[in-house]
Protein chains: 2
Amino acid sequence: MNFVLGIDGGGTSCRAALATADGVVLARSVSGAANIRTDLTGARNNIVEAARLAFVEAGHDPALMAVTPAILGLAGANVGTYAQQLEAILPFAASRVESDAGIALEGAVGPGDGAIAVLGTGTAYMARKNGKARAIGGWGFQVGDQGSGARIGRDLLEQTLLAHDGVREGSPLTQAMLAVFRYNPQDVVEFTTRAVPGDFGGFAPKVFEYAADGDAVALWIIDKAVADVEAALAALNLVSQDPLCLLGGLAPLYAPRLSERHRAMLRPALDDALGGAVRMAMRLFTQIAEQAR
Amino acid sequence: MNFVLGIDGGGTSCRAALATADGVVLARSVSGAANIRTDLTGARNNIVEAARLAFVEAGHDPALMAVTPAILGLAGANVGTYAQQLEAILPFAASRVESDAGIALEGAVGPGDGAIAVLGTGTAYMARKNGKARAIGGWGFQVGDQGSGARIGRDLLEQTLLAHDGVREGSPLTQAMLAVFRYNPQDVVEFTTRAVPGDFGGFAPKVFEYAADGDAVALWIIDKAVADVEAALAALNLVSQDPLCLLGGLAPLYAPRLSERHRAMLRPALDDALGGAVRMAMRLFTQIAEQAR
């Protein structure tokens, strides 16, 4: 029997799926973080461990990974030469490193044209037009990721401090936030000096919730975030028949707030990112088989 | 002869001025950082060293500091109990810790009503109305400091990445910025992961410069920054006869862009922050002398 491996690795864990060469998934597995930018060797080890666990789980000899092609979707794969370095040290029959958005796009819309918007702690977009993929956004919390949970949370803290100073009108939401920080703006500042994007993002659902109740500050923040997401979608130059999938934790909160044009394009994702990696691995297997003939 | 000490301490250096009790400055001196939040003991040592140097420079015995009252204006003095802790371990006849904005306000407008706007790497505001001082802003780069050099620089990098992605129209300024980062958005992101506020702020004068030439992105950023500064000034509830002093490196760039109402209130600062500390120390000396009588 011939196998293929799909790998989906990120900063907190690495998932693997072992499938037959015609795409029947036999086993899924999880190992530790696979951050190729901060720890290439550690990432390699967790990738191999996830693959090994998938073979074991499926009841096959892990030594077969040496004759199994793998597609790896990894955060940070489009930065520098980390992807090429990793490909050189992996034990699979063939290894191709894609961006995390790349396997997510394949999973969500399949091999045809279409687009994904990843709306979570960060934001990123990828569209495929006439077979050619293009990614935008995803530049991180500090100067990018407009509309992300992290940016919405950061905006909320900023508007809360402005309300505290009397520079802008407050609202039930800014009052609730001041209460969280014991009515002490210094506590807000202390929080922000240590907070990572996920810490800011933790406040985002609360902002959507208050916006639904008509809170003026929440609406101001969410309207800006929706406008930012719309602007990014517009830059993808989609046509109305392109399928558009919203992914990430904020996807269900954004979906009803998008423009009519973009709402009409929304489709449920066909599969998750790991499924996308498996599908790409099947194509890689076919290529290798054809080259061998 | 009776002396008073004015101290102006911050994260990079500590300045001291020794003056006679009627305000004639005899010597000024500089020592190392006085950051009471991160290193209280180190701050205390540099404060005492600055005072010692001022006595030596003036040709007087530094042991006289034990009978000399001091006003200290220190960044972070309004946070937690650092100020009280410091006052307890200083060797002066009497020590009173004020915020850095407090001594700057005293220096700029004297003991009467008036306001300062500190427009530099960060932004902060302080107004005195009917003898009562009120500070707003100064909450730092992450969720505050609207209109600061750091925020303007951060906005520039954000708009540059949006222009790179085709989400917004570019301009000569965003082109120039992309060239700085070798047309590689990843280099921008790398920069932002390490950059401190001053690093972002380094780009601010360039934004003002391009705005003066009509660059669309620069104008968009500066118009937003000016609106933020105007909103903060409006929250101070100044009346037209109140003197308003703009301080900080961006003051001359902002002055011509403010509303007519606020431009009409602008006055040159009477003295710098250290001069303000000396003036407050003179009042402290008089209080102590009256109590002793």
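For the structure itself, consult the block above.
Small disclaimer: the values here were computed from a predicted structure and weren't measured.

Engineer: Run through the sheet that holds strand 8 (residues 132–137) of chain B, naming residues and quoting values.
Structural biologist: All names here are of chain B. Ordered in space as 8-7-6-9, the four strands form an open sheet in which the pairing is mixed. Single-partner strands in this sheet number two, and they are strand 8 and strand 9 (244–247). Between one strand axis and the next, the sheet turns by 15 degrees as a mean value, whatever way the strands run. Looking at chain direction, strand 6 (residues 114–119) and strand 9 are connected through four bridges and run parallel. Bridged to I116 within strand 9 is C245.

Engineer: Account for the relation of the copies chain B and chain A, with residues named and values stated.
Structural biologist: When chain B is fitted onto chain A, the two copies agree to an RMSD of 0.0 Å after a turn of 180 degrees and an axial shift of 0.0 Å. Such values leave the two copies arranged in the relation of a two-fold axis. Considering only C-alpha atoms, the residue of chain B closest to the rotation axis is Q142 of chain B, which sits at 4.4 Å.

Engineer: Let's hear about the interface of chain B and chain A: which residues, and what values?
Structural biologist: Taken residue by residue, the interface counts 30 residues in chain B and 31 residues in chain A. Where chain B meets chain A, there are four salt bridges. Run the count over chain B and chain A and you get 14 residue pairs in polar contact (both at pLDDT 80 or more). Secondary structure elements with two or more residues in the side of chain B that touches chain A: strand 8, helix 4 (149–164), helix 6 (185–194) and helix 9 (216–235) of chain B. For the side of chain B that touches chain A, the per-class residue count stands at 15 nonpolar, eight polar and seven charged.

What counts, and where the lines are drawn
Residues numbered from 1 in each chain as written. Chains lettered and ligands numbered in written order. Predicted model: local features only at pLDDT ≥ 70, side-chain atom pairs only at ≥ 80, totals over all residues. Heavy atoms only, no water. Pairing = 2+ DSSP bridges. Helix = DSSP H or I, 4+ residues; strand = E, 2+ residues; numbered from the N terminus. Axes fitted to C-alpha atoms, helices over the stretch in contact; angles between N-to-C directions. Least-squares fit on C-alpha atoms with pLDDT ≥ 70 in both. Contact = heavy atoms within 4.5 Å. Salt bridge = Lys/Arg side-chain N within 4 Å of Asp/Glu carboxyl O. Polar contact = N/O pair within 3.5 Å; in protein donor to acceptor, adjacent residues only side chain to side chain. Nonpolar A, V, L, I, M, F, W, Y, C, P; charged D, E, K, R; others polar.

In short, the description is geometric, and any link to function would need to be established separately.
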